[in-house]
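Chain by chain, the residues:
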Amino acid sequence: MSKHITLSTLLAPWADLTASDSADLAISHLELDSRKVTKGVTFVAIKGHAVDGRNYIASAIELGANAVIAQADETHPHASIDIINGAPVVYIEHLNLELSALASQLYPLNDMQLIGVTGTNGKTTITQLIAQWLGLVEQRAAVMGTTGNGFLDGLKPAVNTTGSAIEIQHTLSDLECLGAKYTAMEISSHGLVQGRVKTLPFHVGVFTNLSRDHLDYHGSMEEYERAKFSLFTEHECQTAVINVDDSVGAKWAAQLNNAISVSLKPLNSEPAVFATQVEYSEQGISLSFSGHFGDGTLTVPLIGEFNANNVLVAFTTLLALGLDKESLVNSAHLLKPVLGRMELFQSEGKAKVVVDYAHTPDALEKALKALRVHCKGKLWAIFGCGGDRDAGKRPMMAEIGERLADKVILTDDNPRSESPQAIVKDMLAGMNYPNLAVVEHERYKALQYALSQGDESDIILLAGKGHEDYQVLATETVHYSDRESAQQLLEANL
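Residues numbered from 1 in each chain as written. Predicted model: local features only at pLDDT ≥ 70, side-chain atom pairs only at ≥ 80, totals over all residues. Heavy atoms only, no water.

Engineer: Sorry, what's going on with the domain arrangement of the protein here?
Structural biologist: Many analyses report the size of an interface as the accessible area lost when the parts associate. On domain assignment, one finds that the protein holds domain 1 (5-104), domain 2 (109-334) and domain 3 (343-490). Each of domain 1 and domain 2 has a C-alpha centre, and the two are 35 Å apart. Facing the 11 residues of domain 1 at the interface are 13 residues of domain 2. Ranking the residues of domain 1 by area buried against domain 2 places His 49, Ser 100 and Ala 103 at the top, with a combined share of 43%. Scanning the region where domain 1 abuts domain 2 turns up zero salt bridges. Our count for the contact surface shared by domain 1 and domain 2 stands at three residue pairs in polar contact (both at pLDDT 80 or more). Here the side of domain 1 that touches domain 2 gets five residues from one element, more than from any other, and that element is helix 3 (residues 99-106). (Domains from an automatic or database assignment. Contact = heavy atoms within 4.5 Å. Buried area = accessible area lost by both parts, 1.4 Å probe. Salt bridge = Lys/Arg side-chain N within 4 Å of Asp/Glu carboxyl O. Polar contact = N/O pair within 3.5 Å; in protein donor to acceptor, adjacent residues only side chain to side chain. Helix = DSSP H or I, 4+ residues; strand = E, 2+ residues; numbered from the N terminus.)

Engineer: Got a minute to help me understand the nonpolar core in this structure?
Structural biologist: One recurring pattern in soluble globular proteins: nonpolar side chains tend to sit buried together. Core analysis: the largest hydrophobic core is formed by 41 residues, its most contacted members being Trp 133, Leu 312 and Phe 315. Per element, the largest residue contribution to this core is eight residues, and it comes from helix 10 (residues 305-320). Not counting residues within four places of it along the chain, the set of residues in contact with Phe 315 comprises Trp 133, Phe 289, Leu 298, Lys 325, Leu 328 and Val 329. (Core = buried A, V, L, I, M, F, W, Y, C linked by side-chain atoms within 4.5 Å. Buried < 20%, exposed > 50% of the residue type's maximum accessible area, 1.4 Å probe, protein only.)

Engineer: How should I be thinking about the pattern of salt bridges in this particular structure?
Structural biologist: Pairs can form between side chains of opposite charge once their charged atoms are near each other. Within the structure shown, the criterion is met by 18 salt bridges. A salt bridge links Arg 54 to Asp 52; the nearest nitrogen and oxygen atoms lie 2.9 Å apart. Between Lys 445 and Glu 442 there is a salt bridge, and its shortest N-O distance comes to 3.6 Å. The partly exposed category is assigned to Lys 445, whose relative accessible area is 40%.

Okay, here's the thing in structure tokens:
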């Protein structure tokens, strides 16, 4: 919840406005999108990646903006003030880099403990496991990320994994007012590069893993890695919890002096938390651990090796925050699978369907390997690749599907403006026996086919969409959900 502060107080770190006629103007709400400005809101106009917000200053004032804070340039120098239709427009140098600090002036945090989770895969699962677990030991916790922002029983949709610096700070402040003592945030590489979490004080920063993704934005794996690493080197991060089973994580842990290493294999390094024994069954995972915080055994109703890793990372994070080990161990069996993350759907006499968000080569490989342990019959893989995104991963994903599944069905993900047929053609190029792959562009029909051909000992992985309830086509976004498809088709008489 925002407080009211004066314009001169808000901008005091950057400019002295005490002598200005607008110094005492009350500021209570900042907005980056001119279209969302209403009476009394303060518009923040920056030169963005695609749009220059300064082009919309006049329209924001028309909509009722009480003031504008704009990025300075050659014609509008730092700390200069224009008056447009009675509203002050204050120009600040490098405003695009100062949004996080600006937002923290108006939407401050007091005692909330922040956990930032970065990496290619596992961010949503780990943040939600952390929040669930905190709830089980009677601590109020929220999440921010891909599946939404807020408390787990009432998430509000999020447009991006990591929102704008102003949205993030405002949301966190609101959550603290609603009683959140902890918030676990997914931190995207885009969010780090663009300074969206620049001034947030993280009690714990968490690294999951690094594999090919977002190369359309970063250009190279080196730049992508550098972006992720900046959470620990260029942001306030008291303790780092690092998955060292990932080769990049192992390298980082050796470089950081505040790192706790986490592994599913015994470690000699200190401080560390590692597994001494892991057992997988259809009921879940039993994981014995040792290391910096002592010994014990966690029993959790989740599937697969990478979930064992996710659980151990979440557990270590909570221990690093000072939570009681025995309380966490005793409540672990009450944890639940995360929506659309290795989520199991089953009906007597039919193949099991597992819905997962895996949309990168690494995630698909891990999901299929995890399910192979549980599969007594044939393992099916249904997946596609997004349009207008990194095309290089298309043949890689198809190769993984062919190598690790018994049956592959290539389908559409979010084709966006690209031809679905062209996307599938790119995928087929990665297969040794492309004629053995089934191509069915409609995801619902692809699952229908697999269920009609499979039997009750089979497992069908429906990958790529997870929790999402939409599909982005060339000209429209339509309602579609893998979870709904699984439920409907398993209940139907095929």
